[in-house]
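Letter by letter, the chains look like this.
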Amino acid sequence: MPGLLDRRLLFVTGKGGVGKTTVAAALGMLAAERGRRVLVCEGEPKGDVAAALESEAAGFAPREVAPRLSVMQMDTEASLREYLRLNLRVPTVGRIGPVARAFDFVANAAPGVREILTVGKLCYEVREGRYDLVVVDAAATGTIVGQLAAPVGINELVKVGAVRSQTRWMLDILEDGRTTGVCIVTTPEEMPVNEAVDLASRLEQETGVHLAALVANRVMPELFSRAEQEVFDTLSSRDVPDAVAAALGECSTDAVRSVLDAAELAVRIRRAGAAHLERLRGSLDRSVPLLYVPYLFGRAHGARAVRRVAGSLAEEIGG
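Only a predicted model underlies this, so the values are computations on that prediction, with no experimental measurement involved. (Residues numbered from 1 in each chain as written. Predicted model: local features only at pLDDT ≥ 70, side-chain atom pairs only at ≥ 80, totals over all residues. Heavy atoms only, no water.)

Colleague: Would you mind showing me how to read the pattern of salt bridges here?
Modeller: Should their charged atoms come close, side chains of opposite charge can pair. Inspection of every chain in the model, using the stated rule, returns eleven salt bridges. When the shortest N-O distance is used, the salt bridge between glutamate 82 and lysine 121 registers 3.1 Å. Taken together, the residues glutamate 82 in helix 3 (residues 76-87) and lysine 121 in helix 5 (residues 113-128) connect sequence positions 39 residues apart. Like lysine 121, glutamate 82 is buried. The closest approach of N and O atoms between glutamate 206 and arginine 202, which form a salt bridge, is 3.0 Å. Here the residue glutamate 206 and the residue arginine 202 both occupy positions in helix 8 (residues 190-206), the gap between them amounting to four residues, near one helical turn. For arginine 202, a relative accessible area of 27% puts it in the partly exposed group. Taken together, the salt bridges that share partners define one network made up of Glu82, Lys121, Glu125 and Arg130. (Salt bridge = Lys/Arg side-chain N within 4 Å of Asp/Glu carboxyl O. Helix = DSSP H or I, 4+ residues; strand = E, 2+ residues; numbered from the N terminus. Buried < 20%, exposed > 50% of the residue type's maximum accessible area, 1.4 Å probe, protein only.)

Pasting the structure below:
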């Protein structure tokens with residue numbers, strides 16, 4: 001299989017709150033800095049990707065926000081209009097009136113219609129070749145499988161005609177592991193790891209889309225060696241804090257104990273996180289890369305935070 005950024009279409013997903021938007025923006029930024037033409041698509045029109053890159057909100061039409069880096073927001077009605085214009089030569093001036101109302105009715109009644117318009121637009125951008133890589137800030141874990149499985153369901157339901165041929169070329173793109181992959185973002189905590197393991201299993205069972213990588217975000221670094229941890233354990237016991245406070249003169253015993261408690265908490269958080277990540281690694285195929293992004297201490301946000309995450313991913317991906 002190719003490297004993570006060597007694919008053409010990359011879906012970035014994960015449990016809400018794990019930082020998937022930041023990771024998606026960071027992957028797009030990193031690929032653009034390596035010379036690839038990149039489109040980062042926001043699957044749900046919230047403006048989070050543009051905000052992460054400190055850019056004005058994007059629309060359905062891609063807009064360049066940095067050299068070789070463009071962003072867009074998914075809009076299913078706009079996707080329908082584009083499809084009708086390209087395939088049925090329907091004019092696109094204003095809302096498409098009765099067609100739009102019919103679409104709303106069908107989309108609410110027939111499962112998979114909105115998903116097809118979302119996935120179809122992304123596959124279309126890959127097929128047209130205007131970009132070397134399309135990175136999707138995709139829906140959270142509870143929704144992404146339905147989107148990726150929609151072409152399969154419709155292809156099985158419709159046996160002949162234009163609809164089947166349309167879903168067939170989508171599947172050719174989605175199920176080619178050299179072209180398309182899913183990147184699951186998690187954090188070293190119980191619930192996000194559980195969802196990541198479940199999603200990896202569902203992707204294999206319900207779709208033909210390959211799992212390209214997992215990103216463990218906000219990993220607590222090893223602040224102390226084992227020997228240093230033993231020193232902190234010794235300092236925390238008996239009357240040592242009183243002696244340390246007396247030796248320092250200007251510190252209270254409570255202040256010394258607060259420092260030692262903070263060090264102990266950091267060690268516990270890291271150990272618990274390491275156990276969750278070990279369980280994650282043991283639940284997945286060893287060939288799937290597990291990339292680590294350290295916890296960002298400080299007030300970094302926006303493009304600065306994205307750049308720091310991109311730097312960490314660059315070290316993990318290599319090349």
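Once you've had a look at it, read on.
Colleague: What am I meant to see in the pairing of strand 6 (residues 180-186) here?
Modeller: Across a regular strand the side chains alternate sides, sitting on one face of the sheet and then on the other. With seven of its seven residues buried, strand 6 lies for the most part within the structure. As defined by bridge partners, strand 1 (residues 9-14) adjoins strand 6 across six bridges and the pair is classed as parallel. Considered in strand 6, the bridge of glycine 14 is made with valine 185. Where strand 6 meets strand 7 (residues 211-219), five bridges bridge the pair, whose relative direction is parallel. Bridge pairing links valine 185 to valine 215 in strand 7. In terms of handedness, the path from strand 6 via helix 8 over to strand 7 forms a crossover that is right-handed. (Pairing = 2+ DSSP bridges. Right-handed = clockwise from strand over helix to strand, strands pointing away.)

Colleague: Help me understand the pairing of strand 2 (residues 38-42) in this model?
Modeller: In terms of residue burial, strand 2 counts as a mostly covered element, since five of its five residues are buried. Neither face of strand 2 is open: one carries Val38, Val40 and Glu42, the other Leu39 and Cys41, and all of them are buried. Looking at chain direction, strand 2 and strand 4 (residues 69-73) are connected through five bridges and run parallel. Bridge assignment links cysteine 41 to a residue of strand 4, and that residue is methionine 72.

Colleague: In this structure, what is going on with the sheet that holds strand 5 (residues 133-137)? I would like to understand it.
Modeller: Paired through their backbone hydrogen bonds, the strands of a sheet run either parallel or antiparallel. One open sheet accounts for eight strands, arranged 3-4-2-5-1-6-7-8; its pairing is mixed. In the strand order of this sheet, the two ends are held by strand 3 (63-66) and strand 8 (290-294), each with one partner. On average, adjacent strands in this sheet sit at an angle of 25° to one another, irrespective of strand direction. The pairing of strand 7 with strand 8 spans four bridges and is classified as parallel. The partner of leucine 214 across the bridge, within strand 8, is leucine 290. (Axes fitted to C-alpha atoms, helices over the stretch in contact; angles between N-to-C directions.)

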